[in-house]
Amino acid sequence: MKRTITTIVAIFTSVLSLFSQQNYDTTGNAEYYRKFAFRSFSGENITLPYREAKLCSSANGKSALVIFLHSSSYRGDDNKSQIRGSAIRSIVNYLEHNNIKSIVVAPQCDKNHFWNDSDSKASSAAKHLIDKLIADNPNIDSKRVYIFGSSSGGAGVWRMVSDYPETFAAAMAVASYPRNVYPKNLAKTPFCCVVGTKDKIAKVSSVKPTIKEIHKYGGTTNLIIEKGSDHIATCANAFNDNNLNWIFNNKK
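Throughout what follows, the structure given in this document is the object of discussion.

Quick notes on the rules
- Residues numbered from 1 in each chain as written.
- Predicted model: local features only at pLDDT ≥ 70, side-chain atom pairs only at ≥ 80, totals over all residues.
- Heavy atoms only, no water.
- Phe/Tyr/Trp six-rings, centres within 6.5 Å; stacked < 30°, edge-to-face > 60°.
- Buried < 20%, exposed > 50% of the residue type's maximum accessible area, 1.4 Å probe, protein only.
- Helix = DSSP H or I, 4+ residues; strand = E, 2+ residues; numbered from the N terminus.
- Axes fitted to C-alpha atoms, helices over the stretch in contact; angles between N-to-C directions.
- Parallel < 35°, antiparallel > 145°, perpendicular 65-115°, else oblique.
- Left-handed = near helix turned anticlockwise from the far one by under 90°.
- Contact = heavy atoms within 4.5 Å.
- Nonpolar A, V, L, I, M, F, W, Y, C, P; charged D, E, K, R; others polar.
- Salt bridge = Lys/Arg side-chain N within 4 Å of Asp/Glu carboxyl O.

In this section: the packing of aromatic side chains. Under the defined criterion, the tally for this structure stands at eight aromatic pairs. Aromatic pair Tyr 33 and Phe 38: ring centres 6.5 Å apart, planes at 75 degrees, arrangement edge-to-face. Among the residues examined, Phe 38 registers a relative accessible area of 45% and is labelled partly exposed. Aromatic side chains Phe 148 and Phe 239 sit 6.4 Å apart centroid to centroid with 50 degrees between the ring planes, which places their arrangement in the tilted category. Taken together, the residues Phe 148 in strand β5 (residues 140-150) and Phe 239 in the loop between α8 (231-237) and α9 (241-248) connect sequence positions 91 residues apart. In this structure Phe 148 comes out as buried when scored by relative accessible area, which is 0%.

Next comes the structure, spelled out in structure tokens:
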């Protein structure tokens, strides 16, 4: 009987331990999760929780600033969800593998807003956050500010590059389409756009006209059409070494 009770207690303790680990390690990888410090910024009557990771600090030179805008499913205020996805993890892995001194910042949009809202509150707050980061940290190379996003985060990338054409060295929007943007402004930033032929949300036909307009104004684009990829597959596969190489080879 004593042995049975001991066994039950041991199993119960193991289950509690596993549950605790799962709650602590929300990304499934504690080492990855710990790279990101908790931060918060208030602007445009919006509070943006954000996570910040300083990578490859011993590398030479100043740090690149890398901004990642999450998709709509990660909106909220837990300041955790926005770093759970595979996209930002792929970016972090790439930067570390290539020993690129960088600061990765992932703000979290609340559930009442989107990155590309017509009132620009979320995107404007994100821009003020970028400005503050650069102003407060002389170690950031203002000529190497990069922005990434997928799905609604990608729509936010389109919007921010259009609204702030002098800010970014390069941009990458995945599984998203432009809305309320100015191609003449977009043309000032090298722009990588990844869309899937089976994506019913961000269709290839919704992107091509703007790409054509960007070229008209002398802009540089890298349009990648993933054959047979739906929305989810496009988001999952876009952040590969080839596409990231193209982005990080640019600077202002």
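This part takes up the packing of helix α3 (residues 86-97) against α9. Relative orientation and spacing of two packed helices are given, respectively, by the angle between their axes and the distance between those axes. As a packed pair, α3 and α9 sit with axes 11 Å apart at the nearest point and diverge in direction by 65 degrees. The angle between the axes of α3 and α9 places the two elements in the roughly perpendicular class. As α3 runs across α9, the sense of the crossing is right-handed. Contacts between α3 and α9 involve Ser 90, Ile 91, Tyr 94 and Leu 95 on the former and, on the latter, Asp 241, Leu 244, Asn 245 and Phe 248. Looking at the contact of α3 with α9 residue by residue, the class counts come to five nonpolar, two polar and one charged.

Under the definition given, this model contains seven salt bridges. The residue Asp 141 makes a salt bridge to Arg 144 at a minimum N-O spacing of 3.8 Å. Between Glu 166 and Lys 188 there is a salt bridge, with its nearest N and O atoms 3.4 Å apart. Of this pair, Glu 166 sits in the loop between α5 (152-163) and β6 (170-174) while Lys 188 sits in the loop between α6 (183-186) and β7 (191-196); the two residues are 22 residues apart in sequence, bridging distant segments of the chain. Note on Lys 188: relative accessible area 44%, which makes it partly exposed.

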